[in-house]
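# Observations on chain architecture
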Amino acid sequence: MCQKAESQAGGSEAGDHVSDGEEMEYETRLRILRSSMAFVHQHGWTVDTLAAGAEVEGLPGVAHGLFPRGGVELIYHFYTDCNKQLAMQLAERVAREKESEQTNTPGKSKITPFIRDAVEARLRMIIPYIDRWPQAMGILALPPNAPQALKNLGDLTDEIWYYTGDTSTDFNWYTKRATLGVVYKTTEVFMMQDKSDDYQNTWDFLDRRMGDITRVGKLVRNGQEMTSVLGEACKGFTIIGRNILGANSGAK
Amino acid sequence: MALQVTKRICLRCSIWHILVRNYSQREKAEQTKALLDKIIRIDHAGEFGAKRIYQGQLAVLGNTPSGPVIQQMQDEEQKHLLEFERLMHQHRARPTVLMPLWDIAGFALGAGSALLGKEGAMACTVAVESVIGEHYNDQIRELMEDNPEQHKELLKTLKEFRDDELHHHDTGLEHDAEKVGYT
């Protein structure tokens, strides 16, 4: 009976059909999340905020049941929303820089300021909610929430590195994002207790952390050079050994 | 009016939703992206590992008559690797976390099998390439199931690479892989 009704409702092919039920739920959740942001100052990142947001949307307060994990879903929404905004801003900046400059390859000196500005832009998005952000950070640190929070941080660092034009395809992909994640996190924590004018101390802190990365990067490169030199030395010793044992007598 | 009623009936009929996979466009796009991400990551790791295996074999057998054969196969794997890197940039896929492991393990496998002689190296090649061939076939099936039209380019690439790998497999057989163990 349902099959006939479904086909009357306008034809369905598995995989192509927009599921009305699921899309409706997704859109309702999105509406509630967006409306709840206005109540964060009042109730924090809790179920009460979601209930208030639901009521603004004309839904009963218990619609917060759409969010089984509670207030943390509002934090995820805010986080991913900010990430998307940052991605748009970075895309615009990259497009502008491409138009204005002659050469296409960014010198290494351009990457550090770009990343620094991206982190600053992203942290500034928290400022409207900074009174409640320490609570959010605490909630994100809880074990059930931590994996998703880590993933969000990973997405954030990936966005920033992608727009610097990063083309690494080996383990550097991970080290780059991990170091940027550490910089972002520490600066975020610093910002929570910063009372200076326009958070100037935070941006100075950020500059110092970016300096750290550059120093560590040089160290790693030196280490790699050292490893390759040691590798060559080992090969040399192996050849000496084989010569001594007479194993090279047949080869060139 | 009838449309609303039928739609509402279907929303309540959860059995229907279980029986038929009705994914929304957004979810479908996310699934496809995850599938592409996985395929590109795994294939990139595979080609990288294959290249390291050949490099390991060349380290031992580079100066023997089978050196040029292995060198040619390595060059083709390098070509594949570059293509997957290009695809990785195109689709913003991430590389595998285990890259350092494949780096070392691949070289060790190549060098180890080459120390058993030319037959050992060829036997290793045959084994690896046959597994890779099956693996490419599985991926081609997955992509066909998902959306053959959308993935036309990638399917063409995978088919071409699968044929290359099977060619390596046959090359290995030609060069006495099956004689391994006979002194």
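Criteria and thresholds
- Residues numbered from 1 in each chain as written.
- Chains lettered and ligands numbered in written order.
- Predicted model: local features only at pLDDT ≥ 70, side-chain atom pairs only at ≥ 80, totals over all residues.
- Heavy atoms only, no water.
- Helix = DSSP H or I, 4+ residues; strand = E, 2+ residues; numbered from the N terminus.
- Buried < 20%, exposed > 50% of the residue type's maximum accessible area, 1.4 Å probe, protein only.
- Contact = heavy atoms within 4.5 Å.
- Areas by Shrake-Rupley, 256 points an atom, 1.4 Å probe, with all protein chains shown as cover.
- pLDDT = per-residue confidence, 0-100.
- Expected span 1.5 Å × (residues − 1).
- Core = buried A, V, L, I, M, F, W, Y, C linked by side-chain atoms within 4.5 Å.
- Axes fitted to C-alpha atoms, helices over the stretch in contact; angles between N-to-C directions.
- Parallel < 35°, antiparallel > 145°, perpendicular 65-115°, else oblique.
- Left-handed = near helix turned anticlockwise from the far one by under 90°.
- Nonpolar A, V, L, I, M, F, W, Y, C, P; charged D, E, K, R; others polar.
- Phe/Tyr/Trp six-rings, centres within 6.5 Å; stacked < 30°, edge-to-face > 60°.
- Lys NZ or Arg CZ within 6 Å of the ring centre and 35° of its normal.

### Quick notes on the overall build of chain A
- In terms of regular secondary structure, chain A is built from 10 helices and 0 strands.
- In chain A, the succession of α and β elements from N to C terminus is α-α-α-α-α-α-α-α-α-α.
- A total of 252 residues make up chain A; the buried ones form 36% of that total.
- The long-range fraction of contacts in chain A, counting pairs at least 24 apart against all pairs at least 6 apart in sequence, stands at 69%.
- Of the roughly 14,600 Å² of accessible surface on chain A, a fraction of 59% belongs to carbon and sulfur atoms.

### Some thoughts on the confidence of the model for chain A
- On average, residues of chain A carry a pLDDT of 87, and 87% of them reach 70 or more.
- Across residues 1-17 of chain A, where pLDDT falls below 50, the model places 29 contacts with residues more than four positions away in sequence or in other chains.

### Focus on helix α10 (residues 200-245) of chain A
Residues and elements named next belong to chain A.
- Under the 1.5 Å per step criterion, the end-to-end length of α10 is 68 Å for 46 residues, consistent within 8% with the ideal 68 Å.
- Restricting attention to buried positions, one finds in α10 the residues T202, W203, F205, L206 and M210.
- Just past α10, the residue G246 takes up positive phi, approximately 80°.

### Some details on the nonpolar core
- Counting residues in hydrophobic clusters, the biggest one holds 48 residues, and the most contacted among them are W45, V119, W133, I160, Y184 and M191 of chain A.
- Of all the secondary-structure elements, those providing two or more residues to this core are α2 (20-36), α4 (47-56), α5 (72-100), α6 (108-124), α7 (133-141), α8 (146-163), α9 (172-192) and α10 of chain A.
- The contacts of W133 of chain A, once residues within four sequence positions are left out, are W45, I75, F78, Y79, I126, E188 and M192 of chain A.
- Of all hydrophobic cores here, the second largest spans 16 residues; its members include L35, I39, L87 and M88 of chain B.

### Let's talk about the packing of helix α6 (residues 118-146) of chain B against helix α7 (residues 152-174) of chain B
Residues and elements named next belong to chain B.
- In the contact formed by α6 and α7, the axes pass within 8 Å of each other and the chain directions differ by 160°. As summarised for this structure, α6 and α7 are arranged roughly antiparallel, according to the angle between their axes. Where α6 crosses over α7, the two elements pack in a sense that is left-handed.
- Classifying every residue of the contact of α6 with α7 gives 13 nonpolar, 8 polar and 4 charged.

### Remarks on the side chain of S36 of chain A
- The residue S36 of chain A is located in helix α2 in this model.
- If we ignore the near neighbours within four places in the chain, the residues touching S36 of chain A are T49, L50, G53 and L74 of chain A.

### Points about the packing of aromatic side chains
- Tallied over the full model, the rule gives 11 aromatic pairs over all chains.
- The interplanar angle of 75° and the centroid separation of 5.1 Å between the aromatic rings of Y162 of chain A and Y163 of chain A together place this pair among those described as edge-to-face.
- The class for Y162 of chain A is partly exposed, based on a relative accessible area of 34%.
- Taking the centre distance of 5.5 Å and the plane angle of 75° together, the rings of F84 of chain B and F161 of chain B count as edge-to-face. Taken together, the positions of F84 of chain B in helix α4 (residues 67-91) and F161 of chain B in helix α7 put the pair 77 residues apart, joining distant regions of the chain. By the burial criterion, F84 of chain B is buried, and F161 of chain B matches it.
- Linked through ring pairs, W45, F78, Y79, Y129 and W133 of chain A together constitute an aromatic cluster.
- Of note, R177 of chain A hangs over the ring of W173 of chain A, and the distance from its end group to the ring centre comes to 4.1 Å.

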